[in-house]
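Chain residues, written in single-letter form:
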Protein chains: 2
Amino acid sequence: MTTPPAKADAAWLAAAIALSERGRARTAPNPSVGCILIDADGRVAGRGWTGACGRPHAEAVALAQAGDRARGGTAYVSLEPCAHVSPRGPCCTDLLIAAGVARVLIAAGDPDVRTNGAGITRLRAAGIEVAVAAAHAPQARAAMAGFFTRQRAARPFVTLKLATSLDGCIALADGTSRWITGPAARAHAHLERARHELILVGRGTLEADEPRLDVRLPGLEARAPQRVLLSSAGAAPEGWLAIRTPAEIAALPGDHLLVEGGARVAAAFLAADLVDRLLLYRAPILIGGGLPGLADIGLTDLAAAHGRWRLTDTRDFAPDRLEVYERERAG
Amino acid sequence: MTTPPAKADAAWLAAAIALSERGRARTAPNPSVGCILIDADGRVAGRGWTGACGRPHAEAVALAQAGDRARGGTAYVSLEPCAHVSPRGPCCTDLLIAAGVARVLIAAGDPDVRTNGAGITRLRAAGIEVAVAAAHAPQARAAMAGFFTRQRAARPFVTLKLATSLDGCIALADGTSRWITGPAARAHAHLERARHELILVGRGTLEADEPRLDVRLPGLEARAPQRVLLSSAGAAPEGWLAIRTPAEIAALPGDHLLVEGGARVAAAFLAADLVDRLLLYRAPILIGGGLPGLADIGLTDLAAAHGRWRLTDTRDFAPDRLEVYERERAG
């Protein structure tokens, strides 16, 4: 059932996964799927990614573009096509069968119990050649991390952002934090906001900084995430949502949550093991005796701290650098 | 006077600079110079680097190896050959002239007032072609950093070592620090000790850890640096040297000082602007509320923290990483 894709197949699958990134943080409760349709002559006939709020699906978009050219062609999809009928639209396996597609290559299986293998079964029953490219599954799951986290853990995918000096401080002892990082790193941090439906701070940050938490990048101003306050007591400002504990993120509307501050909020999420990804912007400065980026997380044994984080990306935003760490999870 | 070296010249000069590294921390008060002698047929005729305590000089070693093959050949040296007569040995310009060398390529001029251009003048007066390859000067000065710092600032070159978690902690709140980094990073830290004549800690580290500060690497056990205690009062253990303030490093015997801990000692050296190089070993762990690596350094304005440090090297010591920063200095 699992076949290593040939070279061209691998390139098209990677492209389909890249398309799936385009809908990130806009498609909940659906996954942001990407689809590329190649006709029988090897040319691109259609490209699609999941629309806002989950409709239309990527396959439907690509098939509509392709028209008759889909017949005998190959569909590359980042996720197994859905097999369940929904009042919101047609099921993609039926659309692919009706269009006469000859092959379907899938990067990752759909964990949704309503599909979970049924899409593959239905396609094969209709005589379509189907392969799952396991080598691409990690990239596909990363591109659709919010959906997979919701399926696995019934909560949003959580990214913790820290901007620190080399000695791990987020401010001088008097609270001054403008600026640790430079314009390039700050612009990238705003781009990350646009990739999240939800952004969260604690009451300390709210009252000290009155943060706007918006996206100040040309053309992306409308992509500001929903603001959320973590606070054990008291009201949130108008237009904000409020939760009292990190565990309450499960009920928030959206599959991607960005935690921006401060040190106690970051520690609360880490202590609850509710951080999946760490964005660490570091400026080449030493502060010394400043405010640490992280309060007590309840660690009592150094050995327990090891083996939890894996460096997955580094970027230069001169003079600063970004490191991305992801939480190691079994299975 | 300054000529860009041809391709082969550049390679031989780089090799001479690499040789100069071999004597690091063993040649004070002399610089650790490297020399490669190429005969008239383009073959290596001799290689040398400064001996222990500064004698013999690199050129003397290379010329002795080359014998008659030096005649008509080229000498590549990391530092301008000395021009002053010393009771401790012959002057290298005289040796090069007597050996009949045709060309001398120099990476960096000698700032010692007794030479400082006089070596070049004497060689040229004897009919030898001399070129200074300015493009190689930074590498040469870095390889002989102790000597150049002693000449420029009348003190040793100071390296500050920190081993921290991603959030900048050097220990749990209770002081536990075994282990933050893994075996590969710790072995490299011992190699760095072997590249220093002097190693320094404060009284807190001395009393908490009773550190041996030795070199636990096969074959390098004898290269343990002289131990120095920074303490405003009280006696040092037997065999240790003691200073009361960072400024007193000027009188220490050796041109390379490694500062190993703890947070207040590190801060004292940074506050005095007496750190030239920062070795930052970082483990992919989060501690949260632990002991910070750096105490107050007197910073009151974030803007003043910027522009002081430049990343010059990164190394992987899986799962840890080393970052090397060097102090930006005008001129």
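Residues numbered from 1 in each chain as written. Chains lettered and ligands numbered in written order. Predicted model: local features only at pLDDT ≥ 70, side-chain atom pairs only at ≥ 80, totals over all residues. Heavy atoms only, no water.

### Structural notes on the overall build of chain A
Item 1. In terms of regular secondary structure, chain A is built from nine helices and 15 strands.
Item 2. Taken over C-alpha atoms, the radius of gyration comes to 22 Å for chain A, in line with the 20 Å a tight globule of 331 residues would show.
Item 3. Seen along its three principal axes, the alpha-carbon backbone of chain A occupies a region of about 70 × 45 × 40 Å.
Item 4. Per-residue burial over chain A gives 53% buried out of 331 residues.
Item 5. Pairs at least 24 residues apart make up 73% of the contacts formed inside chain A by residues separated by at least 6 positions.
Item 6. For chain A, the accessible surface area stands at approximately 14,100 Å², while carbon and sulfur atoms represent 54% of it.
Item 7. Charge-centre separation for chain A: the mean point of 38 positive side chains lies 3 Å from the mean point of 34 negative side chains. (Helix = DSSP H or I, 4+ residues; strand = E, 2+ residues; numbered from the N terminus. Rg over C-alpha atoms; globule rule 2.2 N^0.38 Å. Buried < 20%, exposed > 50% of the residue type's maximum accessible area, 1.4 Å probe, protein only. Contact = heavy atoms within 4.5 Å. Areas by Shrake-Rupley, 256 points an atom, 1.4 Å probe, with all protein chains shown as cover. Lys, Arg positive; Asp, Glu negative; His and termini not counted. Charge placed at Lys NZ, Arg CZ, Asp CG, Glu CD.)

### Regarding the sheet that holds strand β9 (residues 226-230) of chain B
Neighbouring strands of a sheet are bound in pairs by backbone hydrogen bonds; such pairs are parallel or else antiparallel.
Residue and element names in this part refer to chain B.
Item 1. Reading across the sheet, the eight strands line up as β10-β9-β8-β11-β6-β12-β15-β14 and stay open at both edges, with mixed pairing between neighbours. Only two strands of the sheet have a single neighbouring strand rather than two, namely β10 (241-243) and β14 (309-317). Taking each pair of neighbouring strands and ignoring which way they run, the sheet shows an average axis angle of 25°.
Item 2. Across six bridges, the pairing between strand β6 (residues 157-164) and strand β12 (residues 277-282) is parallel. Bridged to K161 within β12 is L279.
Item 3. Contacts from helix α7 (residues 183-194) reach β6, β8 (198-202), β11 (256-261), β12, β14 and β15 (320-327), with the element oriented near 160° to β12. (Pairing = 2+ DSSP bridges. Axes fitted to C-alpha atoms, helices over the stretch in contact; angles between N-to-C directions.)

### Structural notes on the sheet that holds strand β14 (residues 309-317) of chain A
Residues and elements named next belong to chain A.
Item 1. The eight strands lie next to each other as β10-β9-β8-β11-β6-β12-β15-β14, forming an open sheet whose pairing is mixed. Strands at the two margins of the open sheet, each flanked by one partner only, are β10 (241-243) and β14. Averaged over all pairs of adjacent strands, the angle between their axes in this sheet comes to 25°, without regard to strand direction.
Item 2. Bridge count between strand β6 (residues 157-164) and strand β11 (residues 256-261): four bridges; the pairing is parallel. When the bridges of β11 are listed, L160 appears paired with V259.
Item 3. Most of the contacts of helix α7 (residues 183-194) go to strand β12 (residues 277-282), to which it runs at about 160°, and overall it touches β6, β8 (198-202), β11, β12, β14 and β15 (320-327).

### Quick look at the packing of aromatic side chains
Item 1. Across all of its chains, the model carries two aromatic pairs over all chains by this definition.
Item 2. Between the aromatic rings of F147 of chain A and F148 of chain A, the centroid separation amounts to 5.7 Å while the plane-to-plane angle is 85°, which identifies the pairing as edge-to-face. Assigned by exposure class, F147 of chain A and F148 of chain A land together as buried.
Item 3. Over the ring of W179 of chain B we find R186 of chain B; its NZ or CZ atom is 3.7 Å from the centre of that ring. (Phe/Tyr/Trp six-rings, centres within 6.5 Å; stacked < 30°, edge-to-face > 60°. Lys NZ or Arg CZ within 6 Å of the ring centre and 35° of its normal.)

### Let's talk about the domain arrangement of chain A
Residues and elements named next belong to chain A.
Item 1. Considered domain by domain, chain A is made up of domain 1 (5-148) and domain 2 (156-327).
Item 2. Relative placement of domain 1 and domain 2: their C-alpha centres are 33 Å apart.
Item 3. Each partner contributes to the interface: domain 1 provides nine residues, whereas domain 2 provides eight residues.
Item 4. Carbon and sulfur atoms make up 52% of the surface buried where domain 1 meets domain 2, a total of about 820 Å² over both sides.
Item 5. Ranking the residues of domain 1 by area buried against domain 2 places R24, A25 and G146 at the top, with a combined share of 57%.
Item 6. Applying the counting rule to domain 1 against domain 2 returns one salt bridge.
Item 7. Between E21 and R195 there is a salt bridge; the shortest N-O distance is 3.8 Å.
Item 8. Taken together, the connections running from domain 1 to domain 2 amount to one residue pair in polar contact (both at pLDDT 80 or more).
Item 9. Split by residue class, the side of domain 1 that touches domain 2 holds five nonpolar, one polar and three charged. (Domains from an automatic or database assignment. Buried area = accessible area lost by both parts, 1.4 Å probe. Salt bridge = Lys/Arg side-chain N within 4 Å of Asp/Glu carboxyl O. Polar contact = N/O pair within 3.5 Å; in protein donor to acceptor, adjacent residues only side chain to side chain. Nonpolar A, V, L, I, M, F, W, Y, C, P; charged D, E, K, R; others polar.)

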